[in-house]
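Take a look at the letters that make up each chain.
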Amino acid sequence: MNSINQEPLILVVDDDRSVTASLALLLKQNNFKAIQAHSPATALESLKNHRISLVLQDMNFSRSTSGEEGLELLGQIRISYPHIPVILMTAWASISLAVEGMRCGASDFISKPWDNQYLLRTVTTAIGLASPKEDELLSREQLDDQFNFTHIVGESPALLKTLNTIGRVCKTDASILILGESGTGKEMMADAIHQNSLRNRSPLVKVNLGGINPSLFESEMFGHVKGAFTDAKHDREGRFSAANGGTLFLDEIGELEKSSQVKLLRVLQDQNFQMVGSSKNTSVNVRVVSATNRNLEEMVEEGSFREDLFYRINLIAFELPPLRNRTSDIPLLAQSHLRKISKLYGMSEAKISPKALTWLQQQQWPGNIRQLCQTIERVLLMSGKNELEYLDFIPRDAVEQENKLSDFEVGSLTLEQMEKIMIEKSLAAYQGNISKVADALGLSRAALYRRMDKHGLNS
């Protein structure tokens, strides 16, 4: 076997010799080495005799257009050379073949006729993602030495795993899909991806797809020319043009309706489009980062989200952990946000008491970081205090019960009255979480339910 080449060696497989020659020349002009194969048999022989970095292969090698030959070759490569990325080439009309190839392990796909620059970016990205990576996760200190994660607060294992993933892929052009519940910080992660990419001197354009009327989708995303429709009094640049050279963040992509999905797929596939009212093609160089709190795989199965678009946007996908899975980060997040809003409102720097921080860590936070930050901001503004205490965070009626318990005189309350007040206070503090209330009061769940029945607290 040959020694390792300094330049990546790419195997181009197509039965059309003019195609392989054209691609080999393009790759050579851009510092890649290429060898050509014109049948599955010669492709497998080349893989055996050379240290190939990537395979760029067509889906058909005879008059048949079923794609079976291409899928068979792909399957053989995945079995014998699983570490080598494979990019499929197919005509737009048969893009379903490429989707089938992605299911079978292809790294990516491009359509014919291809755009040279887009093809080169796709090749570079696939090789970059296939490069060996260290298995050991970097610590927060190591990450901060290598990347700009200034605005991301936390050091929990769940967060560090996410930041390590971003660190590995940010300098590639890979399309990224960020998954996670509402309020987990998906937009902040998109910011981090862009700031640590090679595109950080170009724009990061953010689009909330859930807020775009389907009838205006093309105008918003691709722009329009003057006179394209009744209210088009001037040319208007679309979001893709605005993001040219940079990153386009497509938030709430799971809300995009079907007719708009195919329009988005075409521009992601070809990196060119026509402005509304124009017959001229506009080419762009855009890296796409998408986000959603929906389960796109389920939506694909249900038929509400296109499978080909799903594969196009999630070359790399990761899910942000909910706040309940990173409770050790809550004190850091709380105090960081408190400093930020104190400065925003021109207030002296405030702090949160240890007991209040413990209480914050015990809450479920279904709205995640967003809910935590909103709660802290509301409590700071309502209390007007420089140090937020535990009682500042619980409802007013629970505070009154706390005061009543702490200030009562002997004989002012019976044991049953005290028991009822303590259960009510605990239910408020733990937001009705029966297991936590029972633990806090030293009771079994069954015993707590019996006492709640006795005091009429089950309604």
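Above: the structure in question.
First things first, this report covers the structure right here in the doc. (Residues numbered from 1 in each chain as written. Predicted model: local features only at pLDDT ≥ 70, side-chain atom pairs only at ≥ 80, totals over all residues. Heavy atoms only, no water.)

Strand order across the open sheet formed by five strands is S7-S10-S13-S6-S14, with parallel pairing between neighbours. Looking along the sheet, the strands with just one partner apiece sit at the ends: strand S7 (204-208) and strand S14 (316-319). Averaged over all pairs of adjacent strands, the angle between strand axes in this sheet comes to 15°, irrespective of strand direction. The pairing of strand S6 (residues 176-179) with S14 spans four bridges and is classified as parallel. Following the sheet pairing, leucine 177 is matched in S14 by alanine 317. Against the sheet, helix H8 (residues 186-195) engages S6, S7, strand S10 (247-251), strand S13 (287-292) and S14, with an angle of about 150° to S6. (Pairing = 2+ DSSP bridges. Helix = DSSP H or I, 4+ residues; strand = E, 2+ residues; numbered from the N terminus. Axes fitted to C-alpha atoms, helices over the stretch in contact; angles between N-to-C directions. Contact = heavy atoms within 4.5 Å.)

Moving on, we come to helix H16 (residues 368-383). The end-to-end C-alpha distance of H16 is 23 Å, a good match for the 22 Å that 16 residues give at a rise of 1.5 Å each. The set of residues buried in H16 consists of Asn368, Ile369, Leu372, Cys373, Thr375, Ile376, Val379 and Leu380. One side of H16 holds all its buried residues, which, seen down the axis, span an arc of 160°. In the core, the buried residues of H16 are packed alongside helix H14 (330-344), strand S15 (351-352), helix H15 (354-362), strand S16 (387-388) and helix H17 (390-393). Of the residues trailing H16, glycine 384 is marked for its positive phi of about 65°. (Expected span 1.5 Å × (residues − 1). Buried < 20%, exposed > 50% of the residue type's maximum accessible area, 1.4 Å probe, protein only. Arc of directions from axis to C-beta.)

Side chains that are nonpolar tend, in soluble globular proteins, to be buried together. Within the largest apolar cluster, 33 residues are counted, with the highest numbers of intra-cluster contacts made by Leu338, Ile352, Leu360, Leu372, Ile376 and Phe393. Going through the elements one at a time, H14, H15, H16, H17, helix H19 (415-429), helix H20 (434-441) and helix H21 (445-454) are the ones with two or more residues in this core. It is H16 that contributes the most residues to this core, six residues altogether. Those residues in contact with phenylalanine 393 that lie beyond four places of it in its chain are Ile352, Ala356, Trp359, Leu360, Thr375, Ile376, Val379 and Leu388. (Core = buried A, V, L, I, M, F, W, Y, C linked by side-chain atoms within 4.5 Å.)

A few words on H15. Residues Ala356, Leu357, Trp359 and Leu360 constitute the buried set of H15. The buried residues of H15 occupy one face: seen down the axis, they fall within an arc of 160°. Every exposed residue of H15 that faces more than 90 degrees away from the buried side is listed here: Pro354 and Lys355. If you follow the buried residues of H15, they end up packed against H14, S15, H16, S16, H17 and H19.

By the secondary structure assignment, glutamine 57 is in strand S3 (residues 54-58). Residue class for glutamine 57 comes out buried when judged on its relative accessible area of 0%. Those residues in contact with glutamine 57, other than ones at most four positions away along the chain, are Val13, Gly70, Leu73, Leu74, Ile77, Val86, Ile87, Leu88 and Met89.

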